[in-house]
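A closer look at the structure
The lines below spell out each chain.
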Amino acid sequence: MISKKNSKVVPIVLDGKEVEVPEGMNLVDAAALHGKEIPHYCYHPQLSVAGNCRMCLIEMGTPMRNRETGEAILDDDGSPRIGWVPKPVIGCATNVSPGMHVKTESEKVLGCREGVMEFLLVNHPLDCPICDQAGECRLQEFATDYGRGYSRFVERKNVKPKRTRLGPRVTLDDERCILCSRCIRFCQEVPKDDVLGFVDRGSFSTLTCFPGRELDNNYSLNTVDLCPVGALTSSDFRFKMRVWFLKDADSICPESSAGCNTTVSSREGELYRITPRRNDLVNDSWMPDSGRELYKSVKSNNRILSSRIDQNPCTADEAIIESIRLLEGKKIGIVGSCKSSLEEQFLLNQISLKTNAVNFIRGHFEEDDGILLSADRTPNLRGALISGFTQNYPKDNLVSLSQALDQNQLDVLLVIDEDLEAAQVDIANLEGVPIVFIGTHTNSTSNRASVVLPSLTTFEKSGTFVNRSFYAQVFRQAVPGPAGVLPDLSLLSRLHNGLTEDEEISPDQNSVWKVMNNVSGSVLKEISLTDVRKDAVLLDSSKWSDLPFVESKALHFEPATKVEA
Amino acid sequence: MAKTVVLERKPLSLSERTYLPQIATGLKTTFSTMFKKKVTLQYPEERPVIPQNYRGVPTLVKDPNNREKCVSCQLCEFVCPPKAIRITPGEVPEGEADREHVEKAPKEFEINMLRCIYCGYCQEVCPEEAIFLQQEYSSSGYSREEMINNKEKLYELGGVVPDQHYKWDKKKKAEQEGNSH
Amino acid sequence: MELWNSLELWQIVAIKVMFSLMMIGAVMTMAGYSVLAERKVSAWMQGRVGPNRTVLPFIEHIPLIGPFLKGLGIFQPLADGLKFLFKEEIVPGHVNKVYYYLAPIIALVPALTTMTVLPFGEFFTDTGDRIPLMLADLEVGILFILAVSSLGVYGIVLAGWSSNSKYPFLGGIRSSAQMISYELAMGLSLLPIFLWVSKPGIDVAALSLVEIVHSQNQSMWLVFVQPLSALIFMIALFAETNRLPFDMPESETDLVGGFHTEYGSFKFGIFFVAEYAHIVIGSAIFTTIFLGGWHFLPWMADPWPSTWIGSILGVVWFLAKTIGLIFFFIWVRWTLPRFRYDQVMSLGWTKLLPLALVNLLFYVILVTWLDQPAS
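Note that the structure is predicted; figures quoted are calculated from it, not measured.

1. So, the interface of chain B and chain A
- If you look at the interface, chain B gives 29 residues, while chain A gives 26 residues.
- Interface area, chain B with chain A, both sides summed: about 2,400 Å², of which 51% is carbon and sulfur.
- Summed over the shared surface of chain B and chain A, the result is 10 salt bridges.
- Among the salt bridges present, the one from Glu-91 of chain B reaches Arg-163 of chain A, with a minimum N-O distance of 3.5 Å.
- Connecting chain B to chain A are 10 residue pairs in polar contact (both at pLDDT 80 or more).
- Along the lines of polarity and charge, the residues of the side of chain B that touches chain A split into 11 nonpolar, six polar and 12 charged.

Shown next as structure tokens:
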């Protein structure tokens, strides 16, 4: 497992240079801290150490001491004599100790790496042109960095099954496997679903599922990311696109309040895959499989692609003007969304404050898996609290909206991406109440709305989400939105500027953050957008500590001691 | 530093200054050229001799067993400076007798000849020796669409070239002779 | 002359019109084939083949002759002409329409007008009289030619100006400057010829072209008598016809075609033909003045009989000389590079003009000395 952060540092000598590293850290990480790469396959900072790939062999030694007196033995030139361990040791399983000497670039080490590479490549197929891993393959990289460059192997290579189905989402190419066992350890340690193992011996060794089981847990695709070679492949991404074409954008998984950091890969505006991005405070290097499928919603059939007035297509301008006409001077009920970004929720709240509207919001709750799929299946419920859109924890499934409609308190509804019928709002009460709907996909509410304004998905816009631990994290635009669809911020700012006499708010993230920073008593007072863009920022959550949050204990998350509702 | 040499030009003589003798020399040259052998090639009837290393229209080739060699690794698409190549990768279904062990092949392979600059990088980069700039130099069409060579056209232009590797045959042999695990 | 006296006026007019049409036909055909010659000769001089594809359908199938004519590109001018006729007529929006249309006409008319006074042969009557073959035997023939041919510049200047565009404009300016410069040297170079020809006692119009031709009969050609005059005249002729190395108005490489940049289809065709008509006429004039016209060789009596056969052979001989000169024009064009504009000007004003003056002075003195009555 990852070496725990330790304030104590110890001095070691790395390649003849004295450096300080945290106590108890292993040599691979310690060297990496000081810019020396020790190549490795089986070691992963967030998994247990197996030490079976032998790629991280290094030379290690300690200063010699006289056994009787305990004095340091000096060389002729007065420097301490180093007692080198006669055989190289593996860096991943060697923790630093004070005064330790390490060689990562000596001839012996380089020779070891060359030998290990040669053995690894004996039966590894020359599949790179076909292999999906090519371009992000450790074996490929280290073969060029540390390999010998040509093959001495004249015998025939092994032939193994090329497309074994391990689970619904993972396909195994047996020939490419270098038996590092990362996937096995991951399944044991993170989702605690022990299904993978090696069978047979020698060159017959094969990764396989336990009899009668398959790799079908919701974290199975992490094994694909972990795999240093192209052995485990994602059945979804398999042979779809070469990784060197993909443009990566840092994003946040919108699936649940866990707020997994992700990398969204696209080519020419087309999304191809979502992979986890390492963040040791939030999600380590993992994310659930279900979150990786979300990119498909961008091109789904029920996407709203054009503005509509009374279900007839129109231009965005016409729709916005019509919306303002409907909303102006009326008693507005605003149904916000926990899927909106912090900025959008804030802007929506500004509209609400200036038009004396009533705010409603609905939480979406499902089962918590205790890892990275939290019970709150929206990415930004806490954003709604911070932006001031709601003070209450939205557990009541829009009951207050139903009541307000019952008593005819509302003239018009502004709904952000919410399905009112699914929230059991009485449809009869919606008769005669025009709805302005802003959202990405059609639902029963958009179908009955007077004005529909299409908006963008998480992958097509930038914004901020606040996760279950109150970390504010930014997500960035990965692909451009459909032609003619305005970003949510633009729509909201035009509604805001059209409905109020106040100062206009520009529809860009920076301007909105400047306004947010100026709200008195906000927890965002001291925090700028630049800070959040740099790294996740932990916000002060004491204001809401007595709310009945539904998330249970999970990876990197402790529920606050809360008053039972 | 290179030494600068200033060349003194001799002053022109009187006859040179009239230019007339020089003009006469020029006239003599052009006149004698009139009776020399012509270098013109009567194009559609006569064709130039294309050298072996000529870089003509890029084509896809098949190996002597009539298997397509391209595995759609898309390196050519990546390296192509004018972005003329566009590949849609596809998986080869298991159990095709003539394509045993081949996992991947292009579903569609397009080279836009209006964009292609005949640089030959695609041939250079191809790890499977599947794309060759062959001797075809004349490509024309009536529309832009016609100038985009699709997979079918590329194989038709490419034909079969000798292969040194027979990668898939080797693998099949290895499997049959006891290396199968 | 009695021949004419016996005819009615309308008959004379009819005959003259018929002759004019024949002559226009001949000159235009020669101009057309000069274009072909230009393309062929340039091709040969550059190691190429030149036009060799155009052929009329039925001629193609004649054995030997068909392929030979095809290879020579004999039918190319036909195709070129038709192409000019059938091309889309484009008039740019920014041109001055009236002058724009007028320019090609003005360019062509002087070229064709000069040929009226051009003698190209002689006809032997039964009585032994020699009647020169020409449309009009003006006594001031050469002055007429100089006057009219220099009108051709108006076509170019008008084209350049009316096109309302920078390249034609520059071409027009250059052309006018060049024409004026070389007109002078041209005229001065001809004066000694007439001094020489009109010796005292000869009681004919001294400026008649026919007399100049006659003076070269069975004597020295004037090109050998007055080589300097011939050289200056030749150079000036190149400049007057806008041929390389003096094609300032066109200069494709720096003016994109110069004065005719904005012209297309048939209007361009007219300019094109006018240029070659100029060359044809210019060559004919040079032949007439310096190369003995239709007479055989220096100091030799014409070897043909004084009958209609002799007339035809004379005309053919005249044409042969002219064609030789046209070839020379083309030959020079594909040999020499273009002068720079300032070089053209300096050559004209500081070299040719003084040279022509000195030449004139020399012959004035020489002729005066020679013509002194033996005292």
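2. Quick look at the domain arrangement of chain A
- What the domain assignment lists for chain A is domain 1 (9–105), domain 2 (122–245) and domain 3 (307–544).
- Here domain 1 of chain A and domain 3 of chain A have C-alpha centroids that lie 54 Å from each other.

3. Observations regarding the arrangement of the chains
- The interface with the most contacts, out of two pairs of chains in contact, is the one formed by chains A and B.
- At the C-alpha level, the nearest point of chain A lies 39 Å from chain C, with no contact between them.

4. Describing the pattern of salt bridges
Residue and element names in this part refer to chain A.
- Scanning the model with the defined rule gives 56 salt bridges over all chains in all.
- Salt-bridge contacts for Arg-165 lead to Glu-214; the nearest nitrogen and oxygen are separated by 2.9 Å. One end of the pair, Arg-165, is in strand E7 (residues 164–165); the other, Glu-214, is in the loop between strand E10 (206–209) and helix H5 (221–226), and 49 residues separate them in sequence.
- Here Arg-382 and Glu-551 are joined by a salt bridge, their closest N and O atoms 2.9 Å apart. With a gap of 169 residues between them, Arg-382 in helix H9 (residues 381–386) and Glu-551 in the segment after strand E24 (537–538) connect regions that are remote in the sequence.
- Exposure remark for Arg-382: the relative accessible area of 2% places this residue in the buried category.

5. Concerning the interface of chain B and chain C
- Between chain B and chain C, the residue contacts involve 16 residues of the former and 16 residues of the latter.
- Between chain B and chain C, the buried area comes to about 1,400 Å², and carbon and sulfur atoms account for 70% of it.
- One can count one salt bridge joining chain B with chain C.
- Linking Glu-45 of chain B and Arg-53 of chain C is a salt bridge whose minimum nitrogen-to-oxygen distance equals 3.0 Å.
- Joining chain B to chain C, the criterion identifies seven residue pairs in polar contact (both at pLDDT 80 or more).
- Its residues assigned to classes, the side of chain B that touches chain C comprises eight nonpolar, five polar and three charged.

6. Re the sheet that holds strand E13 (residues 261–267) of chain A
Residue and element names in this part refer to chain A.
- Read from one edge of the open sheet, three strands run E12-E13-E14, paired in antiparallel fashion. One side of each edge strand has no neighbouring strand; the edge strands of this open sheet are strand E12 (247–252) and strand E14 (270–276). When strand polarity is set aside, the average angle formed by the axes of neighbouring strands in this sheet is 30 degrees.
- Relative to E13, E12 runs antiparallel, the two sharing six bridges. Bridged to Ile-252 within E13 is Asn-261.

Analysis parameters
- Residues numbered from 1 in each chain as written.
- Chains lettered and ligands numbered in written order.
- Predicted model: local features only at pLDDT ≥ 70, side-chain atom pairs only at ≥ 80, totals over all residues.
- Heavy atoms only, no water.
- Contact = heavy atoms within 4.5 Å.
- Buried area = accessible area lost by both parts, 1.4 Å probe.
- Salt bridge = Lys/Arg side-chain N within 4 Å of Asp/Glu carboxyl O.
- Polar contact = N/O pair within 3.5 Å; in protein donor to acceptor, adjacent residues only side chain to side chain.
- Nonpolar A, V, L, I, M, F, W, Y, C, P; charged D, E, K, R; others polar.
- Domains from an automatic or database assignment.
- Helix = DSSP H or I, 4+ residues; strand = E, 2+ residues; numbered from the N terminus.
- Buried < 20%, exposed > 50% of the residue type's maximum accessible area, 1.4 Å probe, protein only.
- Pairing = 2+ DSSP bridges.
- Axes fitted to C-alpha atoms, helices over the stretch in contact; angles between N-to-C directions.

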